[in-house]
Amino acid sequence: MPGEGYAAIFQAIHREYDSEGSQAFRRLAERNLTSQELLDEKTPEALNSGNIVLSSYISKSVGIAGIEPVMLHELGHACSMIRMQNWAMDGQKNNPSHALTSGLAPAERMLRALRATKWLDSARDRCNPELELPEAYFDFWQAVGETRGFAGCLYQLAADNQKQLIDRACPGLCPGHYLEESVGIAFSLLLGDLKGQADSVFPNTCDHVRDGQHPMVSDVADCLMQNSPRFRARMGAAYHCQAKFTLPRNVSTVSP
Ligand SMILES: [Zn+2]
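Please read these numbers as outputs of a predicted model, since none were measured by experiment.

Scoring rules and cut-offs
Residues numbered from 1 in each chain as written. Predicted model: local features only at pLDDT ≥ 70, side-chain atom pairs only at ≥ 80, totals over all residues. Heavy atoms only, no water. Phe/Tyr/Trp six-rings, centres within 6.5 Å; stacked < 30°, edge-to-face > 60°. Buried < 20%, exposed > 50% of the residue type's maximum accessible area, 1.4 Å probe, protein only. Helix = DSSP H or I, 4+ residues; strand = E, 2+ residues; numbered from the N terminus. Arc of directions from axis to C-beta. Disulfide = S-S within 2.5 Å. Donors = N, O, S within 2.8 Å, 3.2 Å for Na, K, Ca; no water. Axes fitted to C-alpha atoms, helices over the stretch in contact; angles between N-to-C directions. Parallel < 35°, antiparallel > 145°, perpendicular 65-115°, else oblique. Left-handed = near helix turned anticlockwise from the far one by under 90°. Contact = heavy atoms within 4.5 Å. Nonpolar A, V, L, I, M, F, W, Y, C, P; charged D, E, K, R; others polar. pLDDT = per-residue confidence, 0-100.

Draft legend 1. Local environment of the packing of aromatic side chains. Scanning all chains against the criterion turns up 9 aromatic pairs. Both rings, one in F140 and one in W141, keep their centres 5.1 Å apart while their planes meet at 75 degrees; by these two values the pair is edge-to-face. For the pair F140 and W141, a shared accessibility class is recorded, and that class is buried.

Printed below as a string of structure tokens:
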């Protein structure tokens, strides 16, 4: 089981998809619930609101100045969790309230819902070195205004680590965490103070090397520079350098 907080969303998915053609959703929900949780009708049908614990990430020496980058990083995780839960519940063809908020054709909504449900399912397996990387981050990054190329660049980072194709690949890689942590790092870079000190991005921009769960901040910054017009504009404004050149490296992408 992926964790206590996931039971409510899988119970909600199990109840939502009770029609013909929804078996894939029910199967994914069932493998994440105990037999008792499947039977438990008292559990409210509610999304997981979650919580963020900051104290372990704020050092005494940095003090209050360290809060903002940590908050931005953690809000990135909150954003992906909320999006995935909402999308997982948004696949029923005949649910008019969902159709109003979604803007997608019913068939596309159903596919996005399935990708989000697979993302939720993959939480139980994030440290499996062979994990099939969940495709839902393509939906996520495009929904928050980034490019498909940026999402593909982050997938490539995770896949290269999985295949040990990079210099000094990390032992004990958790590919699922790797993709999710790149969300936290990118949010900190996209929203934080780029003119600040190295520790204005969390984890620290300069001295944070990759570990089993986090890509290097510089790798995520590179993906943003190559693929995010918004980030390039922020960098231009922060450092007064105009991008009058074409970036030479063609970042390859992984298609879902
Ligand atoms: Zn994180």
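Next, the rest of the story.
Draft legend 2. Representation of helix α2 (residues 23-30). Restricting attention to buried positions, one finds in α2 the residues F25, L28 and A29. Viewed along the axis of α2, the buried residues span an arc of 100 degrees, placing them on a single side of the element.

Draft legend 3. Quick peek at the state of the cysteines. Per the stated rule, a full pass over the model turns up 2 disulfides. One disulfide in the model links C127 with C174; its S-S distance is 2.1 Å. On the sign convention where negative means left-handed, the S-S torsion of about 90 degrees between C127 and C174 marks this disulfide as right-handed. Of the two residues, C127 sits in the loop between α6 (106-122) and α7 (136-143) while C174 sits in the loop between α8 (148-162) and α9 (175-191), which places them 47 residues apart along the sequence. On the basis of relative accessible area, C127 is assigned to the partly exposed category, the value being 41%. The disulfide that involves C153 links it to C223, with 2.0 Å between the sulfurs. Residues C153 and C223 share a disulfide whose torsion about the S-S bond is about -80 degrees; that sign makes it left-handed. Of this pair, C153 sits in helix α8 while C223 sits in helix α10 (residues 217-227), and the two are 70 residues apart along the sequence. Judged by its relative accessible area of 2%, C223 falls in the buried class.

Draft legend 4. Structural view of the coordination of the zinc ion. For the zinc ion, the protein coordination sphere consists of H73 (NE2), H77 (NE2) and E181 (OE), at 2.0 to 2.1 Å. Along the chain, the residues donating to the zinc ion are arranged with the sequence spacing H-x3-H-x103-E. Here H77, found in helix α4 (residues 67-88), pairs with E181, found in helix α9; they are 104 residues apart in sequence, far enough to count as distant. In terms of burial, H77 and E181 fall into one category: buried.

Draft legend 5. Up close: the packing of α7 against α8. α8 packs onto α7 with a crossing angle of 140 degrees between their chain directions and a minimal axis gap of 8 Å. Taken together, α7 and α8 sit at an angle that is classed as oblique. When you trace α7 past α8, the crossing you get is right-handed. Counted together, A136, Y137, F138, W141 and Q142 of α7 and R148, F150, A151, G152, L154 and Y155 of α8 form the full contact between these two elements. Within the contact of α7 with α8, the residues separate by chemical class into 8 nonpolar, 2 polar and 1 charged.

Draft legend 6. Structural view of the environment of S22. By the element assignment, S22 lies in the loop between α1 (6-16) and α2. For S22, a relative accessible area of 0% translates into the label buried. When the C-alpha atoms of S22 and L114 are compared, they prove to be 9.6 Å apart, with 92 residues separating the residues in sequence. If we skip the residues at most four places from it in the chain, S22 touches Y17, Q92 and M110.

Draft legend 7. The arrangement of the confidence of the model for the protein chain in detail. The share of residues in the protein chain with pLDDT of 70 or more is 77%, and the mean pLDDT across the chain is 82. Highest mean pLDDT in the protein chain belongs to α7 (96); lowest belongs to helix α5 (residues 96-102) (57). Across residues 251-256, confidence stays below pLDDT 50; counting only partners more than four residues off in sequence or on other chains, it has 16 contacts.

Draft legend 8. Representation of the packing of α9 against helix α11 (residues 229-239) in the model. One way to put it is that α9 packs onto α11 with a least axis distance of 9 Å and a crossing angle of 45 degrees. On the basis of the axis angle, α9 is oblique to α11. On α11, the residues touching L189, L190 and L191 of α9 are R230, F231 and R234. Per-class residue counts for the contact of α9 with α11 are 4 nonpolar, no polar and 2 charged.

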